[in-house]
Amino acid sequence: MRIVQRPAEMQWLAAEYRSQGHSIGLVPTMGALHAGHLSLLRACRAGNDVSVMSLFVNPTQFDRPEDLAKYPRDLEGDSRLGRDAGVDVIFAPTMEEVYPAGYATYVAVEGLTARWEGASRAGHFRGVATVCTKLFTICRPHRAFFGQKDYQQTLVVKRLAADLNLDLEIIVLPTVREPDGLALSSRNVLLGPEERRQATVLSRALRQAQAAVTAGERDAVRLRLAIEEAIRATPLAVLDYVGVCDPETLEPLERIAGRAVAVVAATFGRARLIDNVLLEP
Ligand code: AMP
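Residue indices begin from 1 for each chain and proceed along its sequence in written order. Only residues with pLDDT of 70 or above have their local features reported here, since the model is predicted, and side-chain atom pairs are shown and tallied only from 80 upward, although totals for entire chains, interfaces and linings are computed over all residues. The basis for every side-chain value is the complete set of non-hydrogen atoms in the structure, without hydrogens or water.

1. Re the packing of aromatic side chains
Planes of paired rings set the category: under 30 degrees apart is stacked, over 60 is edge-to-face and the rest tilted, where pairs are Phe, Tyr or Trp rings (Trp by its six-membered ring) whose centres lie within 6.5 Å. All told, the structure shown has six aromatic pairs when counted by the stated rule. Geometrically, the ring pair formed by Phe56 and Tyr99 is tilted, given 6.3 Å between the ring centres and 40 degrees between the ring planes. Taken together, the residues span a long stretch of sequence, with Phe56 in the loop between strand E3 (50-55) and helix H3 (65-70) and Tyr99 in the loop between helix H5 (95-98) and helix H6 (117-120) at a distance of 43 residues. A single burial state applies to Phe56 and to Tyr99, both of which are buried. Taken together through their ring pairs, the aromatic side chains of Phe56, Tyr99, Tyr103 and Tyr106 make up a single cluster. Counting as a charge over the ring demands two things of the Lys NZ or Arg CZ atom: a distance within 6 Å of the ring centre and an angle within 35 degrees of the ring normal. Just above the ring of Tyr106 sits the side chain of Arg126; from NZ or CZ to the centre is 3.8 Å. Every helix listed is a DSSP run of H or I at least four residues long, and every strand listed is a run of E at least two residues long, numbered separately from the N terminus. Remark: exposure states derive from per-residue accessible area (1.4 Å probe, protein chains only) relative to the maximum for the residue type, with buried under 20%, exposed over 50%, and partly exposed in between.

2. Some words on the side chain of Gln152
Relative to the helices and strands, Gln152 resides in helix H8 (residues 151-163). Here Gln152 falls in the buried class, since its relative accessible area comes to 6%. Within polar-contact distance, the side chain of Gln152 engages the backbone oxygen of Leu112 at 2.9 Å. In contact with Gln152, not counting residues within four places along its chain, are Leu112, Thr113, Arg115, Trp116, Glu117, Gly118, Phe125 and Leu250. Whenever a nitrogen or oxygen atom comes within 3.5 Å of another N or O atom, the pair is scored as a polar contact, on the condition that within protein one atom can donate a hydrogen and the other can accept it, and that pairs from neighbouring residues in sequence are kept only if both atoms are in side chains. Note on contacts: a residue pair qualifies if any of its non-hydrogen atoms lie within 4.5 Å across the two residues.

3. With respect to the pairing of strand E8 (residues 260-268)
Summarising burial for E8: eight of the nine residues are buried, a large majority. Two strands make a pair as long as DSSP finds a minimum of two bridges between them. Here nine bridges tie E8 to strand E9 (residues 271-279), and the two strands are oriented antiparallel to one another. When the bridges of E9 are listed, Ala265 appears paired with Ile274. Connecting E8 to the antiparallel partner E9 that follows it, the hairpin turn spans two residues, and Gly269 within it adopts a positive phi of roughly 60 degrees.

4. A few points about the site of the ligand
Around the ligand, a shell composed of 17 residues is seen, among which Met30, His37, Asp150, Val176 and Leu184 lie nearest. Residue Gly147 places a main-chain N or O atom 3.0 Å away from an oxygen atom belonging to the ligand. In this structure, a nitrogen atom belonging to the ligand sits 2.9 Å away from a main-chain N or O atom of Leu184. Computed with the Shrake-Rupley method and a 1.4 Å probe, the accessible areas treat only the protein chains shown as cover for residues. Isolated, the ligand exposes 480 Å² of accessible area, and the fraction of that covered by the protein chains is 93%. We define proximity as follows: a residue is near a molecule or strand when any one of its heavy atoms falls within 4 Å of that partner.

5. Quick look at the sheet that holds E8
Strands sit in the order E7-E8-E9 across an open sheet of three strands; the sheet is antiparallel. Strands at the two margins of the open sheet, each flanked by one partner only, are strand E7 (237-245) and E9. Direction aside, neighbouring strands of the sheet carry axes that sit 10 degrees apart on average. When E7 meets E8, the two strands line up antiparallel, connected through eight bridges. Residue pairing for E8: Ala237 is matched across the bridge by Phe268. In this analysis an axis means a line fitted to C-alpha atoms, helices contributing only their contacting stretch, and an angle means the value between N-to-C directions, from 0 to 180 degrees. Helix-sheet contacts for helix H11 (residues 220-232) involve E7, E8 and E9, and the interaxial angle to E7 is about 165 degrees.

6. Remarks on the pattern of salt bridges
Two side chains bearing opposite charge may form a pair once their charged atoms approach each other closely. Within this document, salt bridges are pairs made up of a side-chain nitrogen of Lys or Arg and a carboxyl oxygen of Asp or Glu, the two lying within 4 Å of each other. For the structure shown, the criterion picks out 19 salt bridges. As a salt-bridge pair, Arg272 and Asp240 come within 2.8 Å of each other at their nearest N and O atoms. Of the two residues, Arg272 sits in strand E9 while Asp240 sits in strand E7, which places them 32 residues apart along the sequence. One network of salt bridges, with partners in common, ties together Asp63, Asp67, Glu117, Arg121, Arg187, Asp240 and Arg272.

7. Remarks on the packing of helix H10 (residues 201-214) against H11
The geometry of H10 relative to H11 is characterised by a closest axis approach of 9 Å and an angle of 155 degrees between their N-to-C directions. Of the possible angle classes, the one that applies to H10 and H11 is roughly antiparallel. In this structure, the crossing between H10 and H11 has a hand that is right-handed. Between H10 and H11, the contacting residues are Val201, Leu202, Ala205, Leu206, Ala209, Ala212 and Val213 on the first element and Leu223, Ile227, Ala230 and Ile231 on the second. For classification purposes, an angle smaller than 35 degrees is called roughly parallel, one larger than 145 roughly antiparallel, one from 65 to 115 roughly perpendicular, and anything else oblique. In a left-handed crossing the near helix is turned counterclockwise from the far helix by less than a right angle, and in a right-handed crossing that turn is clockwise.

8. So, the side chain of Ser54
Inspection of the secondary structure assignment puts Ser54 in strand E3. Leaving out residues up to four positions away in the same chain, Ser54 has contacts with Leu26, Val27, Pro28, Thr29, Phe91 and Leu135.

9. Comments concerning the nonpolar core
Of all hydrophobic cores here, the largest spans 45 residues; its most connected members are Met10, Val52, Phe91, Phe136, Ile170 and Leu250. Per-element accounting of this core gives the leading share, nine residues, to helix H7 (residues 124-139). Contact partners of Ile170, with chain neighbours within four places excluded, come to Phe136, Ala144, Phe146, Val157, Lys158 and Ala161. Residue types Ala, Val, Leu, Ile, Met, Phe, Trp, Tyr and Cys, when buried and joined through side-chain atoms within 4.5 Å, form a set referred to as a nonpolar core. Leu182, Val244, Phe268 and Val277 belong to the second-largest nonpolar core, a separate cluster that totals 27 residues.

Written out as structure tokens, the structure reads:
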């Protein structure tokens, strides 16, 4: 396994792989790896000749400096996990290499980013879209792997890849969960024991929404209110938003006619958590 720090070296390496006819898969991460990341790495390895994992805590996607400051970092542990997962190249640039002095170019995906995470975290998707565009042009993957856990992010990345003719495939893999339903997240380490117990309300409420739809519920507003109520009834949860929306545009729905997605965000102590579920009538 090779660890590459300089963007120019990564770009050169990617060009080499391409000239040899190798397909390149990329798994972008901010490190603090868990089983969710490992499932992306497994899929990447299975479908590509060369697997690249990027490790970069991207400052431009953090709306609050304290969130960036407390984000868990463990380059050594992550490198070990990457090696064990069969990663060929870890691309771990420094902040100064990604955003050198004088850096002035940002990518804005409009429309899709107006609601939910985009509304709650000013500038978040501008940072995500910018860093993903840079990672794609530096690592030159044929395929890039993302988790459904960050559902809105998957739509934003698909949109930018299509709009900018990036000629790569975006592959989305299911959310990996703890046995009690909590979606794995690097931020889960910030939860105290009681917060950790109560955080299961998110996945439980989403599962109940899914069960209600299976049982025939088609009123999207009633579904949203039931999820909100469950979270509001949880003492350590501070609700941010609940949406039951169109799975492509993320516009809120009144009725469930075809596929839909329910998205939630809430804070428990120091950890802001998000989750989602696809609803199939
Ligand atoms: P992050 O390091 O949090 O930026 O996440 C890197 C990638 O891992 C993103 O595509 C996330 O959607 C994905 N990811 C994070 N948590 C999970 C999870 N529980 N299951 C599947 N993918 C995940």
